[in-house]
Amino acid sequence: MQIRGSTRLAGILGYPVSHSLSPLMHNAAYAAMGLNLCYVPLPVSPEGLGSAIAGLRAMQFLGANVTIPHKVAVTGHLDRLAESARRVGAVNTIVNEDGSLVGHNTDGTGFIRALEEAVAVDYSGAPVLLLGAGGAARSVAMALADRGVPRIAIVNRGRARADELRQALKDKHPSLPVETRLLDADYNDLTAAAKIIINATPAGMSERLKSELIAVDSLSEEQIVCDLVYSQTQATPLLLAARAKGAKALGGLGMLIHQGAEAIRLWTGSTPPVEVMKEAIESQ
Ligand code: NAP
């Protein structure tokens, strides 16, 4: 990649961002697409968020991705929210429309594209069990509800966010059955009844937490088990357990790649080469 006087910038705002795989996959895509665009890490503390957003405007960034801990806070600093961000209450992609910064959320679409790339899904016959009720869970739940799943069960550590997500789903889809339960309750019945099971919490990576998430005996080979945690090996304890039971197991890398691809589409209007993005990450 040659940085020239005319090169536009995009980047990722987070704190920290040093672990992020996004610069790698974005720059690989831009090179393959012949774009005069460069993607940079933007470590921004919570106190600096407002100035950083003003900086994006002043420096005429084409756009930016947003990650932890800014996805919700950034909504207050933008000129407008697109429907995808408004309904989720969080932004993962900012588009600079001639100086006006518009917040979008591509996580839900990214999840759906990754899911459909991996497996054929009949949404109308696929009850969902969702572990977690944070930003990622909200995006995924909304996207699945839009596609017509027959019901969604939300299991979360705390009551507050589970209830908020239930209400948000009911506002948009009043007839959709949505049940909530706490993570420390028994939810083996929900596990057994679900066709799609999604872990949208950071739990499950460590030995300490792995047995607390899902009673593995309730899993079966008809199920699709997704762990949104991005692990290079796609081998979180939950995914390993799902594979051992013959279930279809899907890691978070596909969603990461496709939410990034959606951002590139928004910024450039062009379709990026997802295979190139995948190879860039796998080469690490
Ligand atoms: P978030 O908004 O902070 O939400 C975190 C959720 O996890 C909340 O429901 C929280 O419950 C729960 N939680 C946190 N720590 C927990 C623990 N130790 N045990 C049980 N539950 C716990 O975060 P997020 O942005 O939704 O991200 C959630 C996960 O998805 C992260 O692992 C993130 O890396 C991953 N993610 C992946 C992609 C991708 O592209 N693959 C995209 C976005 C996020 P409470 O409500 O009780 O606090």
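Above this text you will find the structure in question.
Since the structure is predicted, the reported quantities are computational estimates derived from the model, not experimental observations.

Details of helix α9 (residues 237-244)
- Taken as a whole, α9 has its buried residues at Pro 237, Leu 238, Leu 239, Ala 241 and Ala 242.
- Just downstream of α9, Gly 246 is the residue with a positive phi angle, here 85 degrees.

Focus: the nonpolar core
- Among the nonpolar cores identified, the biggest contains 35 residues, and Phe 111, Leu 115, Leu 144, Ile 152, Leu 169, Ile 196 and Ile 198 are the most heavily contacted of them.
- Those elements that place two or more of their residues in this core are α4 (107-118), β7 (128-131), α5 (135-146), β8 (152-156), α6 (159-172), β10 (196-199) and β11 (224-227).
- With 7 residues, the top contributor of residues to this core is α5.
- Counting residues in hydrophobic clusters, the runner-up holds 19 residues, among them Tyr 39, Leu 62, Met 277 and Ile 281.

Some words on the site of the ligand
- As a matter of local geometry, the ligand sits amid 21 residues, with Ala 133, Ala 136, Asn 156, Arg 157 and Gly 252 nearest to it.
- Between the ligand and Gly 135 there is a distance of 3.0 Å, counted from an oxygen atom to a backbone nitrogen or oxygen.
- In this structure, Leu 256 approaches the ligand through a main-chain N or O atom, which is 3.2 Å from an oxygen atom.
- For the ligand, whose free accessible area comes to 920 Å², the fraction covered by protein is 81%.
- Looking at the shell around the ligand, the elements that each hand over two or more residues are α5 and α10 (253-268).

Details of the sheet that holds strand β5 (residues 93-97)
- The mixed open sheet is built from 6 strands, whose spatial order is β2-β1-β3-β5-β6-β4. Either end of the sheet is taken by a strand with one partner, and the two such strands are β2 (37-43) and β4 (80-81).

Description of the packing of aromatic side chains
- According to the stated counting rule, one finds 2 aromatic pairs in the structure shown.
- Consider the rings of Tyr 39 and Trp 267, whose centres lie 6.4 Å apart with planes at 45 degrees: the pair is tilted. Of the two residues, Tyr 39 sits in strand β2 while Trp 267 sits in helix α10, which places them 228 residues apart along the sequence.
- Owing to a relative accessible area of 2%, Tyr 39 belongs among the buried residues under this scheme.
- Members of the aromatic cluster, connected to one another through ring pairs, are Tyr 30, Tyr 39 and Trp 267.

A look at the packing of α5 against α6
- Their axes nearest at 10 Å, the elements α5 and α6 cross at an angle of 30 degrees. In terms of their interaxial angle, α5 and α6 are classed as roughly parallel. Crossing of α5 over α6 shows right-handed handedness. Here Ala 137, Arg 138, Ala 141, Met 142 and Ala 145 of α5 lie close against α6, whose contacting residues are Glu 164, Leu 165, Ala 168 and Leu 169.
- Of the residues in the contact of α5 with α6, the class split is 7 nonpolar, no polar and 2 charged.

Calculation criteria
- Counting of residues starts from 1 at the beginning of each chain's written sequence and follows it residue by residue.
- Whole-chain, interface and lining totals are the exception, using all residues; otherwise, since this is a predicted model, local features are given only for residues with pLDDT of at least 70 and side-chain atom pairs are given and counted only at 80 or more.
- To get the side-chain values, all heavy atoms of the structure are used, and hydrogens and water are removed first.
- The buried label applies to any residue whose accessible area, calculated with a 1.4 Å probe on protein chains only, is under 20% of its type's maximum; exposed applies above 50%, and partly exposed to all values in between.
- Helix and strand assignments come from DSSP, with helices taken as H or I runs of at least 4 residues and strands as E runs of at least 2, each series counted from the N terminus.
- Nonpolar cores were defined as sets of buried Ala, Val, Leu, Ile, Met, Phe, Trp, Tyr and Cys residues, with membership established by side-chain atoms within 4.5 Å.
- Near is defined per residue: the residue qualifies when any heavy atom it owns lies within 4 Å of the molecule or strand.
- N or O atoms within 3.5 Å of each other form a polar contact, as long as, within protein, one can give a hydrogen and the other can take it, and as long as residues adjacent in sequence are counted only when both atoms are side-chain atoms.
- Reported accessibility uses the Shrake-Rupley method at a 1.4 Å probe radius. Residues are deemed covered only where the shown protein chains occlude them.
- Between any two strands, pairing holds if DSSP finds at least two bridges.
- Pairs were defined over the aromatic rings of Phe, Tyr and Trp, the Trp ring being its six-membered one, requiring ring centres within 6.5 Å. Orientation was assigned from the angle between planes: stacked under 30 degrees, edge-to-face over 60, tilted for the rest.
- For helices, the axis comes from a line fit to the C-alpha atoms of the stretch in contact; other axes are also lines fit to C-alpha atoms, and the angle between any two N-to-C directions lies between 0 and 180 degrees.
- Note on terminology: angles under 35 degrees are roughly parallel, angles over 145 are roughly antiparallel, angles of 65 to 115 are roughly perpendicular, and the others are oblique.
- Crossing chirality is assigned from the near helix's rotation relative to the far helix, an anticlockwise turn below a right angle marking it left-handed and a clockwise turn marking it right-handed.
- Residues are treated as being in contact if the distance between any of their heavy atoms lies within 4.5 Å.
- Charged means Asp, Glu, Lys or Arg here, nonpolar means Ala, Val, Leu, Ile, Met, Phe, Trp, Tyr, Cys or Pro, and polar covers whatever is left, Gly included.

That is the geometry; function is a separate question.
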